Amino acid sequence: MSEKILLHTCCAPCSIAVIDELRASREVVVFFYNPNIYPAAEYDKRKAEVVRVCREWGIRMIDADHEPQVWEEAVGVLGAITEGGSRCAACCRLRLAAAAARARDLGIAVFATSLSSGRQKNSSVINDLGRAIAGEFGLIFLDEDWKKKGRSEKARQLVAERGIYRQRYCGCRYSLAAAEISARGK
């Protein structure tokens, strides 16, 4: 196996194809840090699915604390901003910085995130943040748009084959409210 990589994962549907691809050439350490996920029961469901994937494939997983209050402080008054705006960037920055800090502490020089595989996530924003944070920590960020090269299709297939829980909103209380409004409008 070549170098280690610390992969921040947001959920199993977004990370399963990423983990599968990376484990073919690297030693993957999965880092689950998502203080944004609301409510706690949803957080538990998403974490359980990541745990299941990691157990199935023999991948080391680090389960960080939930810390919703840390997320609330990080997004502050940005709550009313629509999905994909500065609230999301602040949320991604928080999680990427935590991943970089954990990678540095573990002596892992390269880190990545599954966040760019989310259909509502802008990979260029996420990758710009990742590279900037990597520079701050003296690390390398693997900047990929995990939606491309057939990865989204592969993720859907793997999720369906394993009966993995697929959430209907990004994760935070604001995205839940927006999903509920959208569902009522249909």
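Preceding block: the structure.
These numbers come from a predicted model, not from an experiment.

Draft legend 1. Structural view of the pattern of salt bridges. For the structure shown, the criterion picks out 19 salt bridges. Between E3 and R26 there is a salt bridge, with its nearest N and O atoms 3.2 Å apart. Pair noted here: E3 is in the segment before β1 (4-9) and R26 is in the loop between α1 (12-23) and β2 (27-32), with a separation of 23 residues, a long-range link. Taken together, the salt bridges that share partners define one network made up of D20, R23 and K154.

Draft legend 2. Main features of the environment of Q157. On the secondary structure map, Q157 appears in helix α6 (residues 151-162). Given a relative accessible area of 45%, Q157 falls into the partly exposed group. In the structure, Q157 is positioned 26 residues away from R131 in sequence and 30 Å away in space, judged by C-alpha atoms.

Draft legend 3. Just the sheet that holds strand β4 (residues 110-113), in detail. Read across the sheet, five strands follow the order β3-β2-β1-β4-β5 without closing on themselves; strand pairing throughout is parallel. Among the strands making up the open sheet, the edge pair consists of β3 (60-63) and β5 (140-141).

Draft legend 4. Summary view of the packing of α1 against α6. Here α1 crosses α6 at 105°, and the two axes come no closer than 8 Å. Compared by their axis directions, α1 and α6 come out roughly perpendicular. For the pair formed by α1 and α6, the contact residues are P13, I16, A17, D20 and E21 on the first element and R151, K154, A155, L158, V159 and R162 on the second. For the contact of α1 with α6, a count of residues per class yields six nonpolar, no polar and five charged.

Draft legend 5. Just the packing of aromatic side chains, in detail. The final tally for this structure, using the stated rule, is four aromatic pairs. Taking the centre distance of 6.0 Å and the plane angle of 40° together, the rings of W71 and Y174 count as tilted. Of the two residues, W71 sits in helix α3 (residues 68-75) while Y174 sits in helix α7 (residues 173-185), which places them 103 residues apart along the sequence. Given the relative accessible area of 22%, Y174 is considered partly exposed. When the ring centre of W57 is taken as reference, the NZ or CZ atom of R23 above it lies at 4.0 Å. Lying over the aromatic face of Y169, R46 brings its terminal NZ or CZ to 5.0 Å of the ring centre.

Draft legend 6. The layout of surface pockets, seen in detail. Quantified by volume, the largest pocket comes out at close to 690 Å³. What lines the largest pocket is a set of 35 residues, and nearest its centre among them are C14, G118, R119, Q120 and C170. Contributions of two or more residues to the lining of the largest pocket are made by α1, α6 and α7. Broken down by element, the residue count for the lining of the largest pocket peaks at five residues, all from α7. Residues of the lining of the largest pocket, tallied by class, amount to 15 nonpolar, nine polar and 11 charged.

Draft legend 7. How the structure looks around empty space enclosed by the protein. Tallied over the full model, the rule gives one cavity of 30 Å³ or more. Put simply, the largest cavity is a space of about 70 Å³. What lines the largest cavity is a set of 13 residues, and nearest its centre among them are C88, C91, K121, C170 and C172. Breaking the lining of the largest cavity down by element, the ones donating at least two residues are α3 and α4 (86-106). Ranked by residue count, the leading element in the lining of the largest cavity is α4, at five residues.

Draft legend 8. A look at unusual backbone geometry. In the segment running from Y38 into P39, the intervening peptide bond is cis, with an omega of -10°. In this fold, P39 is placed in the loop between β2 and α2 (40-57). For E67, which is not glycine, the phi dihedral falls at a positive 50°. Looking at the element boundaries, E67 is found in the loop between β3 and α3. Taking the relative accessible area as the measure of exposure, E67 reaches 28% and is therefore partly exposed. For K149, which is not a glycine, the phi torsion comes out positive at approximately 65°. Tracing the backbone through its elements, the reader meets K149 in the loop between β5 and α6.

Definitions and cut-offs
Residues numbered from 1 in each chain as written. Predicted model: local features only at pLDDT ≥ 70, side-chain atom pairs only at ≥ 80, totals over all residues. Heavy atoms only, no water. Salt bridge = Lys/Arg side-chain N within 4 Å of Asp/Glu carboxyl O. Helix = DSSP H or I, 4+ residues; strand = E, 2+ residues; numbered from the N terminus. Buried < 20%, exposed > 50% of the residue type's maximum accessible area, 1.4 Å probe, protein only. Pairing = 2+ DSSP bridges. Axes fitted to C-alpha atoms, helices over the stretch in contact; angles between N-to-C directions. Parallel < 35°, antiparallel > 145°, perpendicular 65-115°, else oblique. Contact = heavy atoms within 4.5 Å. Nonpolar A, V, L, I, M, F, W, Y, C, P; charged D, E, K, R; others polar. Phe/Tyr/Trp six-rings, centres within 6.5 Å; stacked < 30°, edge-to-face > 60°. Lys NZ or Arg CZ within 6 Å of the ring centre and 35° of its normal. 1 Å grid on protein atoms, 1.4 Å probe; cavity = no way out; pocket = protein on both sides within 12 Å on 5 of 7 lines; lining within 4 Å. Points joined across faces, edges and corners; volume = space filled by probe spheres on them.

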